[in-house]
Amino acid sequence: PARTGYAQHIGVDPRSRDDDFALRFTGFVNVPAPGEWTFTVGSDDSSWLWIDDHLLVRNEAIAPYRKVKGKVTLD
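Counting starts from 1 at the beginning of each chain's written sequence and moves along it residue by residue. Confidence filtering applies because this is a predicted model: local features only for residues at pLDDT of at least 70, side-chain atom pairs given and counted only at 80 or more, and all residues used for totals across whole chains, interfaces and linings. Processing note: side-chain calculations cover all non-hydrogen atoms of the structure and skip hydrogens and water entirely.

K.L.:
Any chance you could explain the environment of threonine 38 here in plain terms?
P.N.:
Strands here mean DSSP runs of E at least two residues long; helices mean DSSP runs of H or I at least four residues long; both are numbered from the N terminus. For threonine 38, the location among the structural elements is in strand S1 (residues 35-43). Whether a residue is buried, partly exposed or exposed follows from its accessible area with a 1.4 Å probe, protein chains only, as a fraction of its type maximum: under 20%, in between, or over 50%, in that order. Exposure remark for threonine 38: the relative accessible area of 41% places this residue in the partly exposed category. The contact rule is simple, with two residues in contact once any of their heavy atoms fall within 4.5 Å. Once you skip the residues sitting within four places of it in the chain, threonine 38 turns out to touch Lys69, Gly70 and Lys71.

Structure (structure tokens):
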């Protein structure tokens, strides 16, 4: 990585340019109640969301900005 750090929210703010960049966020989700949860990932080109080593959202393509949703049951 070119740099590492902490972010208050997931977004593109840490980027150093507007094109040809990649960001990777890792962290924890505090689940307030067990049940089915829907996560939405939005990006242009490609993005993925993994939860507990399970690929939940695969938003993969060279494409304009789009959102893809995935559902998972969490305790």
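K.L.:
Looking at this structure, how should I read unusual backbone geometry?
P.N.:
Glycine aside, residues mostly have negative phi angles, and peptide bonds mostly take the trans form. Positive phi, close to 75°, is recorded for aspartate 45, a residue that is not glycine. In this fold, aspartate 45 is placed in the loop between S1 and strand S2 (46-51). With relative accessibility at 33%, the residue aspartate 45 sits in the partly exposed group. The backbone of aspartate 52 shows a phi angle near 50°, a positive value even though the residue is not glycine. Mapped onto the elements, aspartate 52 comes out in the loop between S2 and strand S3 (54-60). Judged by relative accessible area, aspartate 52 falls into the exposed class, the value being 68%.

K.L.:
I keep staring at the nonpolar core and nothing clicks. Help me out?
P.N.:
The nonpolar side chains of a soluble globular protein tend to be buried, and buried together. The term nonpolar core refers to a set of buried residues drawn from Ala, Val, Leu, Ile, Met, Phe, Trp, Tyr and Cys, joined through side-chain atoms within 4.5 Å. Counting 7 residues, the largest nonpolar core is built from Phe39, Val41, Ile51, Leu56, Val57, Val72 and Leu74. Within the residue set of this core, elements represented by two or more residues are S1, S3 and strand S4 (66-74).

K.L.:
Explain the side chain of serine 43 to me, please; I cannot follow it from the model alone.
P.N.:
Take serine 43: it is sitting in strand S1. Under this definition, polar contacts are N or O atom pairs within 3.5 Å; protein pairs additionally need one hydrogen-donor-capable and one acceptor-capable atom, and for neighbouring residues in sequence, both atoms have to be side-chain atoms. Within the structure, serine 43 has its side chain in polar contact with the side chain of serine 47 (distance 2.7 Å). The residues touching serine 43, leaving out its near neighbours within four places in the chain, are Asn59, Pro64, Tyr65 and Arg66.

K.L.:
Mind showing me how you'd approach the layout of surface pockets here?
P.N.:
One water molecule sets the probe size; rolling that probe over the atoms shows where empty space is left. Cavities and pockets are found on a 1 Å grid laid over the protein atoms alone: a cavity is a set of points where a 1.4 Å probe fits but cannot escape, a pocket is an open set with protein on both sides within 12 Å along at least five of seven lines, and a lining residue has an atom within 4 Å of such a point. Grid points are joined across faces, edges and corners, and a volume is the space filled by probe spheres set on the points. Counted as a void, the largest pocket has a volume near 2300 Å³. Ile10, Leu23, Arg24, Phe25 and Thr26 are the residues nearest the centre of the largest pocket, which is lined by 44 residues in total. The biggest single contributor to the lining of the largest pocket is S2, with 6 residues. Here the residues of the lining of the largest pocket are counted per class, giving 22 nonpolar, 12 polar and 10 charged. Under the scheme applied here, ten amino acids are nonpolar (Ala, Val, Leu, Ile, Met, Phe, Trp, Tyr, Cys and Pro), four are charged (Asp, Glu, Lys and Arg), and all others, including Gly, are polar.

K.L.:
Just checking my understanding: could you explain a negative patch on the surface for this structure?
P.N.:
Patches in this entry comprise residues that are over 30% relatively accessible and not in a salt bridge; like charges within 9 Å are linked, as are nonpolar side chains (Val, Leu, Ile, Met, Phe, Trp, Tyr) within 5 Å. The Shrake-Rupley method, run with a 1.4 Å probe sphere, supplies the accessible areas, and residue values consider only the shown protein chains as cover. Any carboxyl oxygen of Asp or Glu that lies within 4 Å of a side-chain nitrogen of Lys or Arg is treated as forming a salt bridge with it. His is not counted, nor are the chain ends; Lys and Arg add positive charge and Asp and Glu add negative charge. Lysine's charge is taken at NZ, arginine's at CZ, aspartate's at CG and glutamate's at CD. Among the surface-exposed residues, Asp19, Asp20, Asp44 and Asp45 lie close enough to one another that they form a single negatively charged patch. Turning to its location among the elements, aspartate 19 is positioned in the segment before S1.

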